Amino acid sequence: MKKLITAFLASFVFPAMMLAQQGYPVHEVRIGWGDMGFEKAAFRNSLEQIGYRYFGHIFAGYRYSFNDWLGAGMDFDFSNVSWKLAADGTNHDFQNISFIPSVRFTYFRKGIVTMYSGLGIGLNVNTGSEADFRGLKTVCAPVLNPVFYAISLNYRNWFGTFELGPLVSLNSRHEIFLLGARLISLSIGYRI
């Protein structure tokens with residue numbers, strides 16, 4: 001029984017000691033919101049379509065830091081646009097759901113401030129009530145998320161982040177799902 005208790009305590013104490021020696025947090029989770037500038041510019045009221053509503057980009061992510069400047073993780077992003085047809089008032093909508101593995105390069109870390117850039121490449125799923133030019137209602141496409149600049153303000157293990165970097169997802173000139181979407185995003189999270 002003593003060996004079991006010792007092993008259990010060591011499984012918490014040893015990682016905490018390693019984390020203290022490293023001087024940087026290894027694990028990070030966050031949730032955030034991104035703007036819908038692209039969607040608002042591309043999808044607006046017309047004679048046929050009215051009452052556009054934009055949900056915003058809601059995202060969550062996990063990141064693992066290999067050292068004090070390199071990290072990798074996964075982000076999940078969801079956005080929704082809905083509207084009505086003027087002729088009969090029927091509801092229509094589409095969603096973009098993105099799964100984005102990414103890398104992060106931290107180039108400044110001092111006091112409460114952390115600055116980084118990154119790159120994410122993954123898969124976007126566009127779905128909803130509308131069919132594309134081939135008659136499909138659900139289409140998968142690559143998604144790109146370069147983060148040109150990000151600044152994070154830290155308080156103990158908590159942080160808030162401002163990021164500048166678009167989501168881009170397209171298959172062809174006929175299938176543009178995201179083009180400069182979520183250009184500005186804000187998130188909060190926790191690091192250990």
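Everything in this summary refers to the structure shown in the same document. For clarity, every value in this text was computed on a predicted model and none was experimentally measured.

## A closer look at the overall build of the protein chain
Looking only at helices and strands, one finds 2 helices and 11 strands in the protein chain. A total of 192 residues make up the protein chain; the buried ones form 36% of that total. Intrachain contacts of the protein chain at a sequence separation of at least 6 include 56% that bridge at least 24 residues. A total accessible area of about 11,200 Å² is found for the protein chain, and carbon and sulfur atoms account for 70% of it.

## Looking at the packing of aromatic side chains
By the definition in use, this model includes 9 aromatic pairs. For the ring pair Tyr52 and Tyr54, a centre distance of 6.2 Å and an interplane angle of 15° mean the geometry is stacked. Residue Tyr54 is classed as partly exposed on the basis of its relative accessible area of 27%. Their ring planes at 25° and their centres at 5.4 Å tell us that Tyr52 and Trp83 sit as a pair that is stacked. With Tyr52 in strand β2 (residues 49–54) and Trp83 in strand β4 (residues 70–85), the pair connects residues that are 31 residues apart, well separated along the chain. Among the aromatic residues, those joined into a ring-pair cluster are Phe38, Phe43, Tyr52, Tyr54, Trp83 and Phe94. Arg104 extends its terminal NZ or CZ atom over the ring of Tyr116, reaching a point 3.9 Å from the ring centre. When the ring centre of Phe159 is taken as origin, the NZ or CZ atom of Arg191, which lies over that ring, is 3.8 Å away.

## Examining the environment of Gly34
With respect to the secondary-structure elements, Gly34 resides in strand β1 (residues 27–34). The exposure class of Gly34 is buried, given its relative accessible area of 0%. Separated by 130 residues in the primary sequence, Gly34 and Leu164 place their C-alpha atoms 9.8 Å from one another. Excluding anything up to four places from it in sequence, Gly34 contacts Gly56, His57, Phe59, Arg182, Ile184 and Ser185.

## Some words on empty space enclosed by the protein
Under the defined criterion, the tally for this structure stands at 2 cavities of 30 Å³ or more. The computed volume of the largest cavity comes to approximately 130 Å³. Lining the largest cavity we find 15 residues, and of these Glu28, Ser65, Arg104, Arg109 and Arg191 sit closest to its centre. Contributing elements (two or more residues each) for the lining of the largest cavity: β3 (57–65), β4, β5 (91–110) and β6 (113–128). Each residue belonging to the lining of the largest cavity can be placed in one class, and the counts come to 5 nonpolar, 5 polar and 5 charged. In this structure, the second largest cavity encloses a volume near 100 Å³. What lines the second largest cavity is a set of 15 residues, among which Arg63, Asp75, Ser102, Val103 and Val147 lie closest to the centre. Breaking the lining of the second largest cavity down by element, the ones donating at least two residues are β5, β6 and β7 (138–155).

Quick notes on the rules
- Residues numbered from 1 in each chain as written.
- Predicted model: local features only at pLDDT ≥ 70, side-chain atom pairs only at ≥ 80, totals over all residues.
- Heavy atoms only, no water.
- Helix = DSSP H or I, 4+ residues; strand = E, 2+ residues; numbered from the N terminus.
- Buried < 20%, exposed > 50% of the residue type's maximum accessible area, 1.4 Å probe, protein only.
- Contact = heavy atoms within 4.5 Å.
- Areas by Shrake-Rupley, 256 points an atom, 1.4 Å probe, with all protein chains shown as cover.
- Phe/Tyr/Trp six-rings, centres within 6.5 Å; stacked < 30°, edge-to-face > 60°.
- Lys NZ or Arg CZ within 6 Å of the ring centre and 35° of its normal.
- 1 Å grid on protein atoms, 1.4 Å probe; cavity = no way out; pocket = protein on both sides within 12 Å on 5 of 7 lines; lining within 4 Å.
- Points joined across faces, edges and corners; volume = space filled by probe spheres on them.
- Nonpolar A, V, L, I, M, F, W, Y, C, P; charged D, E, K, R; others polar.

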